[in-house]
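Here's the letter readout for the chains.
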Amino acid sequence: MQERDEVIMAKKLDFDKEKNNRNDNAIEEIMQADFPLPKQAEDAKNEAFSRIREMAAASGNTENTENMVRRLPEKSTGSSRKKATGAAKSHKKFKTVYKTALGLTAAAAVFSTVCITNPAFAENIPLVGNVFKQLGNSLGFYGDYSKYAKQLTESTEDTQPADSDGSQEGSSNSQNAQAEDQNTTDNHNSDKMKNNESYSKTVDGTTVTLSEVYCNEMALYLSMTIHTEDKFPDTFITSEGKPNIKLSENSTVKYDYMDGKSNLFNAYLDGKMLDDNTYAGVLRIPVEDMTVDEAGWTKFYEVRNAFFKEKGIDVDSEDFSFDKLAQTLGMDEYSDEKLPQVGGPAISDYVKDIKVPDRFAMELDLKDIVGTLPEDQDTTPDIPQDLRDEYNQKMAEHGISTDDADYESLTEEQKDLEHQFFTEMWNEYFERYPEANAGNNRYNSWTLKGEWKFNVDVEKNTSDTVEKDVNVVDENGDGVLSITKTPFEITMKIQDPEIKYFAVMLDANGDIMPYGGVANSNADTYAIQDRDVSTVYIYLCDYYEYMDELKGYYWSDDYEEKAKTRTFKQLLDERAVAGTEVHFDTDK
């Protein structure tokens with residue numbers, strides 16, 4: 001996870017860290033229970049809340065975890081202190097995007113441990129075939145999935161024979177009928193057992209069981225449980241209060257409507273531990289990841305790179321950059337979409353527009369389950385002192401300050417040199433510790449080795465799905481084109497090739513809509529949860545203005561007081577490039 005990687009890098013550099021504490025609303029979401037609480041549990045919860053708020057107040061930083069940079073330009077990866085976005089103007093080598101304060105986690109555990117480990121407090125829900133219900137509102141995209149999801153493994157409740165009517169007539173016909181009913185029930189239960197077995201696989205003591213599947217126009221949701229014979233490994237808890245667990249990048253999925261397999265990148269699960277040996281979670285695959293024509297893109301890149309070579313451009317050279325590429329091709333800014341304007345290939349000639357059909361089958365090959373270790377178990381080597389000294393010496397020789405506060409006063413040439421020295425330091429570090437170069441490695445992660453294969457038939461359920469054109473755009477037609485609402489999410493379709501804008505959605509009460517947490521890989525998708533979305537407000541803001549100024553107004557400690565004279569919605573009404581309101585309760 002990118003956020004976790006940045007935390008690790010910051011730790012190794014030993015730069016100043018800021019503790020990002022959640023506000024009360026985020027705390028309440030994390031600690032929300034799915035079951036009625038006895039008085040002692042309620043008291044434990046209130047005590048934990050009190051301790052958490054005291055620590056949050058003492059820290060002086062109540063920035064909500066949703067108040068984070070959501071989109072990074074393609075060229076920002078691998079940078080050091082160079083400004084990647086408007087939100088990065090405060091010259092930090094590595095900003096901690098999220099970090100769970102250990103004290104807050106411990107306080108929350110006072111309550112959560114009681115509720116999770118004591119079965120008397122848990123709602124009496126059969127786990128098999130009911131993972132969505134079991135997870136409840138701990139999910140980022142929570143809601144009532146029972147009306148939409150298809151059960152893959154049958155609940156034990158569903159396999160019980162029908163109740164007898166108690167008739168004692170004793171006729172042979174009645175007895176024969178009962179025998180036939182019993183045979184039918186036995187055969188039906190036998191089929192269900194075989195079906196359950198096809199969705200539950202055990203490898204080296206780890207059992208993965210698929211529970212339910214739901215697919216709408218925006219995403220596919222697949223619920224599952226992971227059960228280990230031994231105690232589940234200790235796992236890092238994210239700022240959303242969830243274990244940081246994912247399927248390895250070697251995992252693949254093949255859809256029958258597409259050629260070839262696709263790797264499941266960034267396949268983080270959204271879930272929780274049910275006991276010491278059992279984890280229940282949901283894999284969310286956005287539709288855009290289910291419609292990538294990988295073969296077409298591979299061919300396009302081959303043709304594109306051949307075109308570059310004809311122009312004397314080597315994409316594999318060490319000094320390659322998109323700025324130099326744009327200059328050579330006579331483009332203001334490089335873009336694959338604009339290549340035809342300079343004689344290059346068109347994406348549409350190679351990449352097909354793929355749609356997800358109403359019914360399809362998918363082959364899942366889950367290879368290895370990976371979790372991030374708690375910070376106190378992370379053994380990632382610190383950057384050696386000699387490399388730090390070498391970096392500082394180079395900076396001093398060129399008269400460049402290493403103080404973060406001085407970064408904005410550096411010239412562009414000095415910033416480029418700093419970036420070069422910083423990169424050289426890390427390249428040397430990774431030569432010494434090559435395993436540390438991987439996002440998940442033996443220093444910071446645990447792995448449950450295995451390969452679990454499943455075949456799943458999926459039928460899209462588009463009930464209660466609404467799409468509306470909104471056209472919140474600038475004079476060039478860039479911005480929010482449409483929005484799609486499903487029972488669990490609202491997604492904005494955005495056209496913004498130059499990443500000039502930040503689109504914001506407010507609920508009917510004028511509050512920023514929540515994201516789906518680890519299950520969400522799309523910054524333009526919002527979780528409905530318990531929000532009033534009969535009306536939503538959509539705004540198109542200048543990207544840097546929103547990141548540097550506007551969002552801080554909403555997330556400020558005294559917003560409730562400021563809102564008495566000017567709400568966040570009123571601020572956006574004044575400052576946004578464009579905006580509109582959309583009604584889902586009427587046809588307005």
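This text follows the structure it describes.
A brief report on the enclosed structure follows. (Residues numbered from 1 in each chain as written. Predicted model: local features only at pLDDT ≥ 70, side-chain atom pairs only at ≥ 80, totals over all residues. Heavy atoms only, no water.)

Right, let's talk about the pattern of salt bridges for a bit. With the rule as written, the count across this model stands at 27 salt bridges. Salt-bridge contacts for Arg531 lead to Asp507; the nearest nitrogen and oxygen are separated by 2.9 Å. In this pair, Arg531 sits in the loop between β16 (525–527) and β17 (535–542) while Asp507 sits in the loop between β15 (501–506) and β16, placing the two residues 24 residues apart along the sequence. Taking the shortest distance from any N to any O, the salt bridge between Glu545 and Arg575 comes out at 2.8 Å. Here Glu545 is found in helix α11 (residues 543–555), whereas its partner Arg575 is found in helix α13 (residues 568–575), with 30 residues between them in sequence. For Arg575, a relative accessible area of 31% puts it in the partly exposed group. Among the ionic contacts, a cluster of salt bridges with common partners joins Asp386, Glu428 and Arg432. (Salt bridge = Lys/Arg side-chain N within 4 Å of Asp/Glu carboxyl O. Helix = DSSP H or I, 4+ residues; strand = E, 2+ residues; numbered from the N terminus. Buried < 20%, exposed > 50% of the residue type's maximum accessible area, 1.4 Å probe, protein only.)

This paragraph deals with a negative patch on the surface. Taken together, Asp314, Asp316, Glu318 and Asp319 make up a surface patch of like negative charges. Here Asp319 shows up in the loop between α7 (294–310) and α8 (322–329). (Patch = residues over 30% accessible without salt bridge, like charges linked within 9 Å, V, L, I, M, F, W, Y side chains within 5 Å. Areas by Shrake-Rupley, 256 points an atom, 1.4 Å probe, with all protein chains shown as cover. Lys, Arg positive; Asp, Glu negative; His and termini not counted. Charge placed at Lys NZ, Arg CZ, Asp CG, Glu CD.)

We now examine the nonpolar core. Val480, Ile483, Ile490, Met505, Ile538 and Phe568 are the most contacted members of the largest nonpolar core, which has 39 residues in total. If one sorts the elements of this core by residue count, α11 sits on top with seven residues. Residues within four places of Ile538 in sequence aside, it is in contact with Val470, Val472, Val480, Ile483, Met492, Val504, Met505, Ala578, Gly579, Thr580 and Val582. (Core = buried A, V, L, I, M, F, W, Y, C linked by side-chain atoms within 4.5 Å. Contact = heavy atoms within 4.5 Å.)

To continue, consider the packing of helix α9 (residues 385–397) against helix α10 (residues 412–432). The interhelical angle for the contact between α9 and α10, taken along N-to-C directions, is 165 degrees, at an axis separation of 10 Å. With respect to each other, α9 and α10 are oriented roughly antiparallel. α10 is crossed by α9, and the crossing has right-handed handedness. When α9 is examined against α10, the residues Asp386, Leu387, Arg388, Tyr391, Lys394 and Met395 are found in contact with a partner set consisting of Glu418, Phe421, Phe422, Glu424, Met425, Glu428, Tyr429 and Arg432. Residue composition of the contact of α9 with α10, grouped by class: seven nonpolar, no polar and seven charged. (Axes fitted to C-alpha atoms, helices over the stretch in contact; angles between N-to-C directions. Parallel < 35°, antiparallel > 145°, perpendicular 65-115°, else oblique. Left-handed = near helix turned anticlockwise from the far one by under 90°. Nonpolar A, V, L, I, M, F, W, Y, C, P; charged D, E, K, R; others polar.)

Let us look at α10. Side chains that are three or four residues apart share a direction in an α-helix, a result of its 3.6 residues per turn. With 21 residues, α10 ought to run about 30 Å at 1.5 Å a step, and its terminal C-alpha atoms sit 31 Å apart, in line with that. The complete set of buried residues in α10 reads Lys415, Leu417, Glu418, Phe421, Phe422, Met425, Trp426, Tyr429 and Phe430. (Expected span 1.5 Å × (residues − 1).)

With that out of the way, let us pick up the pairing of strand β10 (residues 359–372). For β10, a buried count of ten out of 14 residues is recorded, marking the element as mostly surrounded by other parts of the structure. Where strand β5 (residues 245–247) meets β10, three bridges bridge the pair, whose relative direction is antiparallel. From the neighbouring strand, Leu247 faces β10, where its bridge partner is Ile369. Relative to β10, strand β6 (residues 252–255) runs antiparallel, the two sharing four bridges. When the bridges of β10 are listed, Tyr255 appears paired with Met362. Taken together, the 13 bridges between β10 and strand β11 (residues 445–459) define a ladder with antiparallel strand orientation. Opposite Leu364, over in β11, you have Phe454 as the bridge partner. (Pairing = 2+ DSSP bridges.)

Glancing now at the environment of Ala503. Structurally, the position occupied by Ala503 is in strand β15. For the pair Ala503 and Val480, spaced 23 residues apart in sequence, the C-alpha separation works out to 7.3 Å.

It is worth spelling out the sheet that holds β15 at this point. Strand order in the open sheet formed by three strands is β15-β17-β18, and the pairing between neighbours is antiparallel. Only two strands of the sheet have a single neighbouring strand rather than two, namely β15 and β18 (578–583). Averaged over neighbouring strand pairs, the angle between their axes works out to 15 degrees when direction is ignored. Where β17 lies against β18, six bridges are found, and the strand directions are antiparallel. Counterpart to Val536 in the pairing with β18 is Val582. Running over the sheet, α11 touches β15 and β17 and is turned about 105 degrees from β17.

Phi is positive for Asn266, close to 55 degrees, though the residue is something other than glycine. With respect to the element layout, Asn266 can be found in the loop between β7 (262–263) and β8 (267–275). When its relative accessible area of 44% is taken as the criterion, Asn266 is described as partly exposed. Even without glycine at this site, Asp464 takes up a positive phi of about 60 degrees.

Within the open sheet, the four strands sit side by side as β12-β13-β14-β16. Their pairing is antiparallel. Unpaired on one side and paired on the other, β12 (466–473) and β16 mark the two borders of the sheet. Neighbour to neighbour, the strand axes of the sheet diverge by 20 degrees on average, direction disregarded. Looking at chain direction, strand β14 (residues 489–495) and β16 are connected through three bridges and run antiparallel. From the neighbouring strand, Ile490 faces β16, where its bridge partner is Tyr526.

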